[in-house]
Amino acid sequence: ELPPSEFMQVADSTWLVLSVVSNGRELPGCQATGVTKIARSVIAPLAEHHVSVLMLSTYQTDFILVRERDLPVVIHTLAGEFDIYKEEGGECVPVTCDDVSNGFLKPKPPASPTLHPVQSPQTRFCVLTVAPDTLPAIATMLIDVLFYSHSPPWDAAAGSQDLDSITFFSFSLIEGYISIVMDAETQKRFPSDLLLTSSTGELWRMVRIGGQPLGFDECGIVAQIAEPLAAADISAYYISTFNFDHALVPEEGIAEVIQLLQQRQESGR
């Protein structure tokens, strides 16, 4: 419904959403699986079969987006490990490999993925949710933060490796569930009694993947981050965007995360 515009870029693929839950028919709002928990069973196998993914973590759960044309490969890759369901008319219907056998292409031998540089700004972030019925109370503030508070750093060098801070604000509304990521300073502008977070009130640090905007065809970008963190049992909140990928990790673990990723990059050279 959006009118064509010279200011709007649109990727040429249509994407489908995979939601990984502990039980195939679990209702929305269940315990999040976590990007590091599904690294070995979902993210790595898809990368090995040349499937490009976008990752979207929310306060409630985690979603993997795959291109519609890759669905046959996705199902063949994951069917041995998971029960797979598709939504039809609001109902979950089991999917078998036979349902998508038409057009299935045998995957090419896996190639070594490019290991992109990572940057870790000093900015501290909060991961929050808000009850839908209280959203109108912060709507004006949301609009101000989203559209008027920050100017994009157009003058910043795309390849800069030393970011002191980063402008990042994420708002998602999925099936009535709201998830927000904002820096700790921006959070102070909102009424504290309306924003809900974990009981520990933890703060997160960010790792931004890519020294320049990433494309949509490359495979293994999420795996580059998720696999070493999974091996170290470090939780991560991961958000793919049009230009870059971002992983949020608990603030107290950022030094270990940077060391792990640097070791991974050095070993891949």
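Because the structure is a prediction, the values reported are computed rather than measured.

Enquirer: Looking at this structure, how should I read the overall build of the chain?
Expert: From N to C terminus, the chain includes 6 helices and 12 strands. By the burial criterion, 42% of the 269 residues in the chain qualify as buried. Counting only contacts in the chain whose residues sit at least 6 apart along the sequence, the fraction spanning at least 24 positions is 77%. In the structure as shown, the chain presents an accessible area of about 15,500 Å², 52% of it carried by carbon and sulfur atoms.

Enquirer: Teacher, can you tell me more about the pattern of salt bridges here?
Expert: Oppositely charged side chains can pair when the atoms bearing their charge come close. Counted according to the given criterion, the structure contains 8 salt bridges. For Arg-69, the salt bridge goes to Asp-217, with nearest N and O atoms at 3.9 Å. Taken together, the positions of Arg-69 in the loop between strand E3 (62–67) and helix H2 (71–78) and Asp-217 in the loop between strand E10 (204–209) and helix H5 (221–231) put the pair 148 residues apart, joining distant regions of the chain. Asp-217 carries the same exposure label as Arg-69, and that label is exposed. Note that Arg-189 is salt-bridged to Asp-144, the shortest N-O span being 2.4 Å.

Enquirer: Whenever I open this one, the side chain of Asp-70 confuses me. Can you help?
Expert: Turning to its location among the elements, Asp-70 is positioned in the loop between E3 and H2. Non-local contacts of Asp-70, meaning those with residues more than four positions away in its chain, are made with Val-51 and Ser-52.

Enquirer: Would you take a moment to explain the confidence of the model for the chain for this structure?
Expert: Reading predicted coordinates in detail is not appropriate for stretches of low pLDDT. Overall, the prediction assigns the chain a mean pLDDT of 83, with 83% of residues at 70 or greater. Segment residues 24–33: pLDDT under 50, and 18 contacts once partners within four positions in sequence are set aside and those in other chains are kept. Every residue in residues 153–161 scores below 50 in pLDDT, and together they form 8 contacts with partners more than four places removed in sequence or on other chains.

Enquirer: What's the story with helix H6 (residues 254–267) in this structure? I'm lost.
Expert: Helical geometry note: an α-helix holds 3.6 residues per turn, so side chains three or four residues apart project in the same direction. Along its 14 residues, H6 runs 20 Å from first to last C-alpha, staying within 8% of the 20 Å computed at 1.5 Å per residue. Considered for burial, the residues of H6 that qualify are Ile-254, Val-257, Ile-258, Leu-261 and Gln-265. Along the axis of H6, the buried residues cluster in a sector spanning 95°; they form a single face. Exposed side chains of H6 directed beyond 90 degrees from the buried face belong to Ala-255, Glu-266 and Ser-267.

Enquirer: Any chance you could explain the nonpolar core here in plain terms?
Expert: Across soluble globular proteins, nonpolar side chains have a tendency to be buried as a group. Core analysis: the biggest nonpolar cluster contains 39 residues, and Ile-43, Ile-64 and Tyr-238 have the highest contact counts within it. Among the elements of the structure, helix H1 (39–48), strand E2 (53–57), E3, H2, E10, H5, strand E12 (245–250) and H6 are those that each provide at least two residues to this core. At 7 residues, the largest contribution of residues to this core is made by H5. Beyond its immediate sequence surroundings of up to four residues, Ile-64 is in contact with Leu-16, Val-17, Leu-18, Val-20, Ile-38, Val-42, Ile-43, Val-53, Leu-54 and Met-55. Core analysis: the second largest hydrophobic core is formed by 15 residues, Ile-138, Val-145, Ala-184 and Phe-190 among them.

About the criteria used
Residues numbered from 1 in each chain as written. Predicted model: local features only at pLDDT ≥ 70, side-chain atom pairs only at ≥ 80, totals over all residues. Heavy atoms only, no water. Helix = DSSP H or I, 4+ residues; strand = E, 2+ residues; numbered from the N terminus. Buried < 20%, exposed > 50% of the residue type's maximum accessible area, 1.4 Å probe, protein only. Contact = heavy atoms within 4.5 Å. Areas by Shrake-Rupley, 256 points an atom, 1.4 Å probe, with all protein chains shown as cover. Salt bridge = Lys/Arg side-chain N within 4 Å of Asp/Glu carboxyl O. pLDDT = per-residue confidence, 0-100. Expected span 1.5 Å × (residues − 1). Arc of directions from axis to C-beta. Core = buried A, V, L, I, M, F, W, Y, C linked by side-chain atoms within 4.5 Å.

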